[in-house]
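Structural overview
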Amino acid sequence: MRQPIIAGNWKMNNTIAGTKALLTDLIPLVKDAKAEVVVCVPYTNIAAAGELLKGTNIKLGAENVHWAEKGAFTGEISADMLVELGVEYVIIGHSERRQYFGETDQTVNARVKAALAKGLKPIICVGETLEEREGGLVEKVLVRQTTEAFKDIDKDQLDNIVIAYEPVWAIGTGKTATAQDANDTIAIIRGTMAKLYCPKCAEERVRIQYGGSMNPKNASELMAMPQIDGGLIGGASLKAVDFSQVVKY
Ligand code: 13P
């Protein structure tokens, strides 16, 4: 019903040469994958990645997009620019952007709208910090982040959006949420989507990934959970064999 989706988030890694080497290794390894496979690469690598991925089952993604259509926004990249390069998915609201680059729930929502308006598919990241978890605020934070991200987004768009639940304390730390915990927390997000849209929409049309130290060792246990529809993979997406093993969980 909900097709699993495994996406790599390369973050600020790989030059064009590294991109070519990694994708050349990866393409044959995942060609028979049942899951939808995506690689989200730095802007400077998008064109080269797009060339290599033509005719393969790996979809092309970016790591951010600006909310304005065009204009005086030095250093930013618009949805049209990504579309022109064949980008299909775009990560929005990653916790690193929230933490280091002033991303807010409002700018996340503005980016989501700009992406959808041009036919890009947002991967919207939500997740609590360790402090918020220890303070018992997980539900409050996730409901807020989800509700704000989807403000004024039409129900018709739900098939074109993926949510990634990434607990901040699990990113790049080697600490994974237990599969049960990730499952239960994702259920809170799905419950929020049911309230915002409808229970059937949330059940059938909203794909929610887990992200945070997901790797070949823990992927199958996480993917076996009924609420988890995929993964957003950082470190393990930088090695072709590791990423392919997650893709084939
Ligand atoms: P790691 O897999 O390196 O923990 O990163 C997760 C992540 O931030 C994906 O967006």
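That block above? That's the structure.
Heads up: these notes are all about the structure in this document. (Residues numbered from 1 in each chain as written. Predicted model: local features only at pLDDT ≥ 70, side-chain atom pairs only at ≥ 80, totals over all residues. Heavy atoms only, no water.)

Time to look at the packing of helix H5 (residues 105-117) against helix H7 (residues 138-149). The angle between the axes and the distance between the axes are what describe a pair of packed helices. Contact geometry of H5 with H7 gives a least axis separation of 8 Å together with a crossing angle of 35°. Between H5 and H7 the crossing geometry is right-handed. In this structure, H5 contributes Asp105, Gln106, Val108, Asn109 and Val112 to the contact, and H7 contributes Arg144, Gln145, Glu148 and Ala149. (Axes fitted to C-alpha atoms, helices over the stretch in contact; angles between N-to-C directions. Helix = DSSP H or I, 4+ residues; strand = E, 2+ residues; numbered from the N terminus. Left-handed = near helix turned anticlockwise from the far one by under 90°. Contact = heavy atoms within 4.5 Å.)

The next point concerns the site of the ligand. Close to the ligand lie Asn9, Lys11, His94, Glu166, Ala170, Ile171, Gly172, Gly212, Ser213, Leu232, Gly234 and Gly235. Contact distances for the ligand include 2.7 Å between an oxygen atom and a backbone N or O atom of Ser213. At a separation of 2.9 Å, an oxygen atom of the ligand approaches a polar backbone atom of Gly234. Expressed as a share of its isolated accessible area of 300 Å², the protein-covered part of the ligand is 95%. Considered class by class, the residues forming the shell around the ligand number three nonpolar, seven polar and two charged. (Near = heavy atom within 4 Å. Polar contact = N/O pair within 3.5 Å; in protein donor to acceptor, adjacent residues only side chain to side chain. Areas by Shrake-Rupley, 256 points an atom, 1.4 Å probe, with all protein chains shown as cover. Nonpolar A, V, L, I, M, F, W, Y, C, P; charged D, E, K, R; others polar.)

What follows covers the nonpolar core. Ranked by size, the top nonpolar core spans 67 residues in total, and within it Val39, Phe150 and Tyr210 carry the most contacts. Take this core: its biggest share by element is five residues, from helix H8 (residues 179-196). Every residue in contact with Val39, bar those within four places of it in the chain, is listed here: Gly8, Trp10, Leu23, Leu26, Leu53, Ile58, Lys59, Leu60, Gly61 and Phe243. Membership of the second largest hydrophobic core comes to eleven residues, among which are Ile5, Ala7, Ala164 and Leu232. (Core = buried A, V, L, I, M, F, W, Y, C linked by side-chain atoms within 4.5 Å. Buried < 20%, exposed > 50% of the residue type's maximum accessible area, 1.4 Å probe, protein only.)

This paragraph deals with the pairing of strand S6 (residues 162-165). Of the two faces of S6, the one carrying Val162 and Ala164 and the one carrying Ile163 and Tyr165 are both buried. Pairing of strand S5 (residues 121-126) with S6 involves four bridges; the strand directions are parallel. Among the inter-strand pairings, Ile124 is bridged to a residue of S6, identified as Ile163. Here S6 pairs with strand S7 (residues 207-211) via four bridges, running parallel. If you follow Tyr165 over to S7, its bridge partner there is Tyr210. (Pairing = 2+ DSSP bridges.)

Okay, the state of the cysteines next. One pass over the full model with this rule turns up one disulfide. Residue Cys40 stays outside any disulfide, its sulfur separated by 8.9 Å from that of Cys125, the closest cysteine. With a relative accessible area of 2%, Cys125 lands in the buried category. (Disulfide = S-S within 2.5 Å.)

With that settled, consider the packing of H7 against H8. For the pair H7 and H8, interaxial distance at closest approach is 10 Å and the crossing angle is 45°. The angle between the axes of H7 and H8 places the two elements in the oblique class. Crossing geometry of H7 relative to H8 is assigned as right-handed. Listed contacts from H8 to Val138, Glu139, Leu142, Val143, Thr146 and Thr147 of H7 are Thr185, Ile188, Ile189, Thr192, Met193 and Leu196. Grouping the amino acids of the contact of H7 with H8 by side-chain chemistry returns seven nonpolar, four polar and one charged. (Parallel < 35°, antiparallel > 145°, perpendicular 65-115°, else oblique.)

Another aspect to go through is the pairing of strand S3 (residues 58-62). For S3, the tally of buried residues reaches four of five residues, placing the bulk of the element in the interior. In terms of strand pairing, strand S2 (residues 36-40) meets S3 through four bridges, oriented parallel. Residue Val37 lies in a different strand from S3, and its bridge partner there is Ile58. After leaving S2, the chain enters helix H2 (residues 46-53) and then returns to the sheet as S3, a path that is right-handed. In the sheet, S3 pairs with strand S4 (residues 89-92) via two bridges, with the strands oriented parallel. Opposite Gly61, over in S4, you have Tyr89 as the bridge partner. (Right-handed = clockwise from strand over helix to strand, strands pointing away.)

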